[in-house]
Protein chains: 2
Amino acid sequence: MTIPKQTNRRKELVTIAAGLFKQESFDRTTVRMLASATGIKSGSLFHHFKDKEEILVAVIEGGLETSIEVINKQTADIEQVDQRLFAAIYGHLMTLHGENKDAHIVSIIEWKSLSTLSKSHLIRLRDEYETIWQGIIEQALEAKLLEGEAHLLRLFVLGSLNWTIQWFKPEQGLDIEQLAAKFYQSLTHQVINK
Amino acid sequence: MTIPKQTNRRKELVTIAAGLFKQESFDRTTVRMLASATGIKSGSLFHHFKDKEEILVAVIEGGLETSIEVINKQTADIEQVDQRLFAAIYGHLMTLHGENKDAHIVSIIEWKSLSTLSKSHLIRLRDEYETIWQGIIEQALEAKLLEGEAHLLRLFVLGSLNWTIQWFKPEQGLDIEQLAAKFYQSLTHQVINK
DNA sequence: TACAAAACCAAGCAAGCGCTAGGTAATAAA
DNA sequence: TTTATTACCTAGCGCTTGCTTGGTTTTGTA
């Protein structure tokens, strides 16, 4: 696999593409839409990307990398289990609903649009993210904050959080941190102590 | 809105369409694929449906109706709150992973592919389903089985369950009832008593 | 057995799709 | 100032898409 050069222009294009892919879905976003949103002609896109799928791969890659950064930063200096769990929840919701959210959302909903080859390349990033979560959940289980099996719990929890992209609008009263607190409460049957 | 006649052939087509939409997504399923899977020519499809979207609407409509039937039947004769909650979870997972699952899955993942008009028609069915859930969750809250707000809990729970379509394969050891029990346990911090 | 309605086919149109080829303009290193 | 590289445009090709039209076959009903 050749490593595509990370020019500034390319990054710009990827950001714009993320927005469109999120809004319209990958399939319904045409190269002409991408081009006009960027201010260039459709043919010029293929100077930066070999095909349309490579744009999607770049978007998802960026989304996953940011998620990993955020969760690491969020949970870095926290020792207490309950605070770590809350920070992970909050971090995840932030990458989905905060600034620059588009890429992570796309990485979730457009996974099926990837070819097998592209998936195998990106799956390492996804695994890395899930491993971090797995660790936090195992800690929380030991501390009796949660009930069940770590593996299934991770899927239940991340599923629930990911699903928020279907309904949560930060501007409708509840903000992201409040949502995180509510989720933490329903999950652990305890109130988080901030 | 004219009511489309419910011929047998139409139902057949809808079932086949559900399978393809689930496997390939609505956008990537062409009318030619639908036709050849049914054994007719692509043009003949439009004798039964006025356009491609009407097929999707029919699929989703069927999926939602079945879900409503199933949850009603599952929870009908059950009085105990814990049993009702478990039955609802189990029922939901059954419509997603049991026999004839395709339609309900499509109704979940292809919601965004609908036009505004079609959505407004189908939203009543979805509301009906969610109202049933809402009631069960409120009961469970009163019984202290759950923690939090009913409205948010419903979204968390259904999100988590819906997300199982991304990873759960009944043939990989765990069956649907076991999955339901595990989920019930992680949600309520109690073991279900069957 | 006649006949209307329903189901289907053959052929293809117009529009939109991803992508390419061959050239020009801008930028930067030598 | 030359030269190489990068960024972009013009024009359009080949293909697929959803869907239509006008006619034929099948089916059910009286």
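Let me begin by describing the structure that accompanies this report. (Residues numbered from 1 in each chain as written. Chains lettered and ligands numbered in written order. Predicted model: local features only at pLDDT ≥ 70, side-chain atom pairs only at ≥ 80, totals over all residues. Heavy atoms only, no water.)

### Observations concerning the packing of helix 5 (residues 81–97) of chain A against helix 9 (residues 176–188) of chain A
All names here are of chain A. Operational definition: Interaxial angle, 0 to 180 degrees, is taken between N-to-C directions of lines fitted to C-alpha atoms, where a helix line uses only the stretch in contact. Working definition: helices are DSSP H or I runs of at least four residues, strands are E runs of at least two. Numbering for both runs from the N terminus. In these notes the angle categories are as follows: under 35 degrees is roughly parallel, over 145 is roughly antiparallel, 65 to 115 is roughly perpendicular, and the rest is oblique. Handedness of a helix crossing follows the sense of rotation of the near helix relative to the far helix, less than a right angle counterclockwise being left-handed and clockwise being right-handed. We call two residues in contact whenever any of their non-hydrogen atoms come within 4.5 Å of each other. Asp, Glu, Lys and Arg are counted as charged, while Ala, Val, Leu, Ile, Met, Phe, Trp, Tyr, Cys and Pro are counted as nonpolar; the rest, among them Gly, fall into the polar class.
It is the contact of helix 5 with helix 9, at a shortest axis distance of 9 Å, that shows an interaxial angle of 135 degrees. On the basis of the axis angle, helix 5 is oblique to helix 9. Here helix 5 runs over helix 9; the crossing is right-handed. Residues Asp-82, Leu-85, Phe-86, Ile-89, Tyr-90, Leu-93, Met-94 and His-97 of helix 5 form the contact with helix 9, whose own contacting residues are Ile-176, Glu-177, Leu-179, Ala-180, Ala-181, Phe-183, Tyr-184, Leu-187 and Thr-188. Of the residues contributing to the contact of helix 5 with helix 9, the split by class is 13 nonpolar, two polar and two charged.

### Side note on the interface of chain A and chain B
For the record, the criterion: A quick way to say it: buried area is the sum, across both parts, of accessible area lost when two parts are put together, with a 1.4 Å probe. A pair is scored as a salt bridge if a Lys or Arg side-chain nitrogen falls within 4 Å of a carboxyl oxygen belonging to Asp or Glu. Each polar contact in these results corresponds to two N or O atoms within 3.5 Å; when the atoms are within protein, one needs to be able to donate a hydrogen and the other to accept it, and residues that are neighboring in sequence are counted only if both atoms are side-chain atoms.
On the side of chain B, 32 residues touch chain A, which itself brings 32 residues to the contact. Interface area, chain A with chain B, both sides summed: about 2900 Å², of which 58% is carbon and sulfur. Sorting the residues of chain A by area buried against chain B places Phe-156, Trp-163 and His-189 of chain A first, and these three jointly supply 24% of that buried surface. Counting across the interface, chain A meets chain B through four salt bridges. The residue Asp-27 of chain A makes a salt bridge to Arg-28 of chain B at a minimum N-O spacing of 2.5 Å. Applying the counting rule to chain A against chain B returns 16 residue pairs in polar contact (both at pLDDT 80 or more). Of all the secondary structure elements, the ones that give two or more residues to the side of chain A that touches chain B are helix 1 (8–24), helix 8 (150–163) and helix 9 of chain A. It is helix 8 of chain A that contributes the most residues to the side of chain A that touches chain B, nine residues altogether. When the residues that make up the side of chain A that touches chain B are grouped by side-chain class, the tally is 14 nonpolar, 11 polar and seven charged.

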